[in-house]
Amino acid sequence: MSSRGNFSGRIGFILAAAGSAVGLGNIWRFPYLAGANGGAIFLVVYLACILLLCYPVMVGEIAIGRAANSDAFGSYSKLGTRRWGYLGLFGIMAGVFILSFYNVVAGWAFGYFLHISFGDLLNHQDFGGFFGAYVNDIIDVSSASGLANSNLIFSLIFMAVTAIIVSQGIQKGIEAANKIMMPSLYLILLGIIVYSLSLPNAMSGVRFYLVPDFSELNVGTVVNGLKQAFFSLSLGMGALITYGSYLSKKENIASSAIVISIADTSVAFFSGLMVFPLVHFLAFKLNIDPTQIGTQGPPLIFVVLPQIFSEMGAILGRVVGGAFFLLVCFAALTSTISLLEVPVAYLVDQKKMNRKVVVWGLALLIFILGLPSMMSQGMIASLNKLTFYRGQDFLTFIADMCDISLTVGGALMCIFISRQWGIDKMDAELVNGNEGYMQSRTRSYLHFTIRWVAPVLLGVLSLLIIVEKFFGVENLL
Ligand code: PFF
């Protein structure tokens, strides 16, 4: 392969791509979306989205990247026209914006890891109040919990660690980091699940999570499931084109994509299995109804869970709580490195710039781009309540715009494959490492979904997502 760098083999690629997929989206967003959308029924919708829409898009992206052996912009322009290159550029920009806000939330989690493990956060009485003050005041270096409380610094450190890893290149940086963090992440997750299932009232949480409520099945559930699946699998913005470009021709893309999807979905599923028994344990301890515990949005992991850890007693709380936030940091870090690699690959490939210079320059730029999101959590009133966006905050606005760009990007990618590059060329790429591909059912399935199902459904659902974002979910149906 060229001097661009490459993964050492199948395992390295799968771990890195699964690392990109497994992130804050799985541990933080999936459980509360599932909780709010009918539990198991959400899981069913989610799985259907993966099978019907996400898997074909994932295979397509990896094939494009490997066939072109280039970054997102380079791949679309090489296999298509320069105009199609702008679709790649659009994805690269989406990646930049995702990283800008994602790193802010990752910084919060990193701060919580430090505050819980080494500070006295768990001695607080009012966790909601603590979190509100914590995200509001971004440069408070006084010691709110025995430690400096500056999430400006926490997120700067998080970005710097991301940059250190990415600057080391594909094998020594990205692959090596994922090989350590991904197995650790699974171990911590399984450890906490075992513990949380042993707590009083755990089974009530499991039941809540797993017994389907069919009355919750509506357009909103489908739209939420699809958005979540695309974000969770890092689709639609070129991350997998970029990682695919570092994959050897010997590897089987269709089967790797199955493993990546299962790895990601299992972490999302297990996160719910970790969180809901904990929530129901808290309800039991406080002798209240579990539905009274607000599990929506950021409060789930930053307010409710710390309260639960504090109920476990001083030492156990510190250990379990610390392990939990370390898990969140690992998950976030394996995603931030893939997000940073997307624009880095673009500048290295297209502008022939030095990798280290590009990495640090972009990391700083994206950190600065994230400041409005960081300051939108109370510090600056006008960013906290955007008048043009139904009074929502700036971080939510950016996150929502990125959601839209992913499904639109996915739809356009399918159109690119069938109308520009040619689905036979995709086949030719997928045969590498998979001799039986031409006769396989996977091939017919991919043809059917990429040509017809995915572009149409993704197009329609993207429109619905736009309606939901700008006019409110109640206008959906
Ligand atoms: N998949 C990540 C998550 O679920 O948290 C988010 C993400 C990472 C999206 C990387 C896109 C991406 F390129």
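Conventions and cut-offs
Residues numbered from 1 in each chain as written. Predicted model: local features only at pLDDT ≥ 70, side-chain atom pairs only at ≥ 80, totals over all residues. Heavy atoms only, no water. 1 Å grid on protein atoms, 1.4 Å probe; cavity = no way out; pocket = protein on both sides within 12 Å on 5 of 7 lines; lining within 4 Å. Points joined across faces, edges and corners; volume = space filled by probe spheres on them. Helix = DSSP H or I, 4+ residues; strand = E, 2+ residues; numbered from the N terminus. Nonpolar A, V, L, I, M, F, W, Y, C, P; charged D, E, K, R; others polar. Near = heavy atom within 4 Å. Polar contact = N/O pair within 3.5 Å; in protein donor to acceptor, adjacent residues only side chain to side chain. Areas by Shrake-Rupley, 256 points an atom, 1.4 Å probe, with all protein chains shown as cover. Sits in = over half its atoms within 2 Å of the grid points. Salt bridge = Lys/Arg side-chain N within 4 Å of Asp/Glu carboxyl O. Buried < 20%, exposed > 50% of the residue type's maximum accessible area, 1.4 Å probe, protein only.

*Asks:* Would you mind showing me how to read empty space enclosed by the protein here?
*Replies:* Left-over empty space is what a probe sized like a water molecule reveals as it rolls over the atoms. All chains considered together, the criterion is met by two cavities of 30 Å³ or more. When its volume is computed, the largest cavity comes out at roughly 130 Å³. Around the largest cavity, the lining is made up of 18 residues, and of these Ser20, Ile98, Phe231, Ser234 and Leu339 lie nearest the centre. Listing elements by their share of the lining of the largest cavity, those giving two or more residues are helix H1 (10–21), helix H2 (24–36), helix H5 (82–118), helix H10 (219–232) and helix H14 (314–351). Looking at the lining of the largest cavity residue by residue, the classes come out as 10 nonpolar, eight polar and no charged. Put simply, the second largest cavity is a space of about 90 Å³. Top element by residues in the lining of the second largest cavity is H5. It accounts for four residues.

*Asks:* Is there a simple way to think about the site of the ligand in this case?
*Replies:* Near the ligand you find 15 residues, and of these Ala21, Gly25, Tyr102, Phe231 and Met237 are the closest. The backbone of Ser20 places a nitrogen or oxygen atom 3.1 Å from a nitrogen atom of the ligand. A distance of 2.8 Å is found between an oxygen atom of the ligand and a backbone nitrogen or oxygen belonging to Gly25. Burial of the ligand by the protein chains amounts to 100% of its free accessible area of 340 Å². Of all the cavities here, the one that holds the ligand is the largest cavity. For the shell around the ligand, the secondary structure elements donating two or more residues are H1, H2, H10 and H14.

*Asks:* I would appreciate a short explanation of the pattern of salt bridges in the present structure.
*Replies:* Any two side chains of opposite charge can pair, on the condition that their charged atoms come close. Applying the stated criterion to the full structure yields 11 salt bridges. One salt bridge in this structure joins Arg355 and Glu341, with 2.4 Å as the shortest N-O distance. A residue pair is termed long-range when its members are at least 10 positions apart, and Arg355 in helix H15 (residues 355–369) and Glu341 in helix H14 qualify at 14 residues. Residue classification places Arg355 among the buried positions, given a relative accessible area of 17%. Judged by relative accessible area, which is 0%, Glu341 ranks as buried.

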